[in-house]
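What the coordinates show
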Amino acid sequence: MPVRLHWFLPTTGDDRDVVGVTARDSLQSRTTARPPTLDYLAQVARAAESAGFEAVLTPTGSDCEDSWLTTAALIPQTSRLKFLVAFRPGVIAPPLAAQMTATYQRLSGGRLLLNVVTGSDADEQRAYGDFLTHDERYVRTEEFLAVLHRAWSGQPYDFEGTHYRVAGGRLRKPPEHRPPVFFGGSSDAALPVAARHADTYLTWGEPPAAVARKIGRVRELAAAEGRELSYGIRLHVISRDTAAEAWAEADRIRDTLDPAAIRAAHERFGRSESSGQRAMAALTGGRTDRLEIHPNLWAGFGLVRPGAGTALVGSHEQVAERIEEYAALGIEHFILSGQPHLEEAIRFGECVRPLLTGRLAAA
């Protein structure tokens, strides 16, 4: 199985700790040592491009800069780097999204990838004006993607669904190359949508056995639809010259976390509507003494960080070995991050990427 490497664009800000959460900060008031200015994000993007990453994932949410505007501003700052733009179907109409993607493809020379985020935090969804239930949001996402693909055809179309209605739709300048759709979600409502509409199914970094079970279910659902998907995983990385150095850094990060913040986060994550978020929380149980949940797989980020909560920790050789272990399961896309994102992109490119050369797919 080939390996395609991607990095992360820290549009919330960057730091040496977990999203800036330290003993001095609460989950509601996060500070970062490096604000997400255009100059800094351009440095990260150029470093990722130089380090050999194919794309950068740009997150979506109320605590970060807008992914569309930020990455559009970075197009002229880079030459070949692709932008995996996360967005939420509930806050944008699909015909407009089709037009935006077509424009983006023309302006960037075909460097757009789409990460469809249905949404997991009910409070944040309501703050965006979205009051649908968890399962209703996935019904809407499926309709959104159906409209998007019809619009990309460039042919006239009508659509009548529960959440969207389009009459006389037509994208007059469809993209020459349709952007691939990356899609995540672990619930029973999410997996069939992925099977029918995604190009790449994404999962967070659970132990390999759990990842194998999940992508196995998606494979079966996709096969029933007559489709084949590729698969990706989202992980942090703490890679050093020796394993001892890497684990010392993981311990340092753990020790910056406020126990009160850990308890509050674990309680909140356990109530989440997101099956994936609850699975991340279950990996630690809110405890700090059993964080290596598989060889070189550390769950410390998930003590306070929503979303991806695990990291590959070890020597450069060990990190490469773990990537190859996931690749053997059928994982092709690795969306990685390390804090600070600037220095860690360079470190990974210089020290880990050469160890994977035999598996790397041509970008």
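Residues numbered from 1 in each chain as written. Predicted model: local features only at pLDDT ≥ 70, side-chain atom pairs only at ≥ 80, totals over all residues. Heavy atoms only, no water.

With that out of the way, let us pick up the overall build of the chain. Each helix and strand in the chain was counted, giving 12 helices and 13 strands. In terms of overall size, the chain behaves like a compact globule, its C-alpha atoms giving a radius of gyration of 20 Å where 363 residues would be expected to give roughly 21 Å. Reported as C-alpha extents along the three principal axes, the dimensions of the chain are approximately 60 × 40 × 40 Å. Looking at the 363 residues of the chain, the share that counts as buried comes to 55%. (Helix = DSSP H or I, 4+ residues; strand = E, 2+ residues; numbered from the N terminus. Rg over C-alpha atoms; globule rule 2.2 N^0.38 Å. Buried < 20%, exposed > 50% of the residue type's maximum accessible area, 1.4 Å probe, protein only.)

Here the focus is the packing of helix α3 (residues 94–108) against helix α5 (residues 134–152). Axis separation between α3 and α5 bottoms out at 9 Å; the angle between their running directions is 50°. One way to sum up the angle between α3 and α5 is to call them oblique. In terms of crossing hand, the pair formed by α3 and α5 is right-handed. Mapping the contact onto sequence places P94, P95, A97, A98 and T101 in α3 and F144, V147, L148, A151 and W152 in α5. The residue inventory of the contact of α3 with α5, partitioned by class, reads 9 nonpolar, 1 polar and no charged. (Axes fitted to C-alpha atoms, helices over the stretch in contact; angles between N-to-C directions. Parallel < 35°, antiparallel > 145°, perpendicular 65-115°, else oblique. Left-handed = near helix turned anticlockwise from the far one by under 90°. Contact = heavy atoms within 4.5 Å. Nonpolar A, V, L, I, M, F, W, Y, C, P; charged D, E, K, R; others polar.)

Here we take up the environment of A73. Mapping A73 onto the fold places it in helix α2 (residues 67–74). Expressed as a C-alpha distance, the spacing of A73 and L41, which sit 32 residues apart in the sequence, is 9.9 Å.

On average, residues of the chain score 93 in pLDDT, and 96% of them reach the 70 mark or higher. The low-confidence segment residues 22–29 (pLDDT under 50) makes 11 contacts with residues lying over four places distant or belonging to another chain. (pLDDT = per-residue confidence, 0-100.)

Core analysis: the biggest nonpolar cluster contains 75 residues, and F53, F183, I323, Y326, F334, L336 and F348 have the highest contact counts within it. Looking at which element gives the most residues to this core, the answer is α5, with 8 residues. Other than its neighbours up to four places away in sequence, F53 contacts L5, H6, W7, A48, R80, L81, L336, A345 and F348. Counting 16 residues, the second-largest nonpolar core is a separate cluster that includes I238, A246, I262 and A311. (Core = buried A, V, L, I, M, F, W, Y, C linked by side-chain atoms within 4.5 Å.)

With that settled, the discussion passes to the pattern of salt bridges. By the definition in use, this model includes 20 salt bridges. Residue E54 is joined to K82 by a salt bridge in which the shortest nitrogen-to-oxygen separation is 3.3 Å. Highlighted residues: E54 in the loop between α1 (38–50) and β2 (55–58) and K82 in strand β3 (residues 82–87), separated in sequence by 28 residues. A residue is classified by how much of its surface remains accessible, and K82, at 21% relative accessible area, is partly exposed. With a closest N to O distance of 3.0 Å, R252 and E249 form a salt bridge. (Salt bridge = Lys/Arg side-chain N within 4 Å of Asp/Glu carboxyl O.)

What follows covers the environment of L132. With respect to the helices, strands and loops of the structure, L132 is situated in the loop between α4 (122–127) and α5. In this structure L132 comes out as partly exposed when scored by relative accessible area, which is 22%. Expressed as a C-alpha distance, the spacing of L132 and A122, which sit 10 residues apart in the sequence, is 8.6 Å. What L132 contacts, discounting residues up to four positions off in sequence, is R137, R140 and H163.

Turning next to the side chain of T118. Relative to the elements of secondary structure, T118 occurs in the loop between β4 (112–116) and α4. Only 3.1 Å separates the side chain of T118 from the side chain of T141, close enough to count as a polar contact. What T118 contacts, discounting residues up to four positions off in sequence, is P89, Q125, R137, Y138, T141 and F183. (Polar contact = N/O pair within 3.5 Å; in protein donor to acceptor, adjacent residues only side chain to side chain.)

This next bit is on unusual backbone geometry. Residue P340 is bonded to the preceding Q339 through a cis peptide linkage, with omega at 0°. Along the chain, P340 turns up in the loop between β13 (333–337) and α12 (341–351). In the Ramachandran plot, N296 falls in the positive-phi region, its phi being about 70° despite a non-glycine side chain. In this structure, N296 sits in the loop between β10 (292–294) and β11 (297–298).

Another aspect to go through is α1. Between its terminal C-alpha atoms α1 stretches 18 Å, which fits the 18 Å expected from 13 residues at 1.5 Å a residue. Those residues of α1 that fall on the buried side of the exposure criterion are Y40, L41, A42, V44, A45, A47, A48 and E49. Contact partners of the buried residues in α1: β1 (4–8), β2, α2 and α12. Just past α1, the residue G52 takes up positive phi, approximately 95°. (Expected span 1.5 Å × (residues − 1).)

This part covers the packing of aromatic side chains. Taken as a whole and judged by the stated rule, the model has 9 aromatic pairs. With 5.0 Å between their ring centres and 40° between their planes, W7 and F53 make a pair best called tilted. Residue W7 is located in strand β1, and its partner F53 is located in the loop between α1 and β2; the two are separated by 46 residues in the primary sequence. For W7, a relative accessible area of 0% translates into the label buried. Classification of F53 by relative accessible area gives buried; the value is 0%. Ring geometry for Y138 against F183: centres 6.3 Å apart, planes inclined by 65°, an arrangement best described as edge-to-face. (Phe/Tyr/Trp six-rings, centres within 6.5 Å; stacked < 30°, edge-to-face > 60°.)

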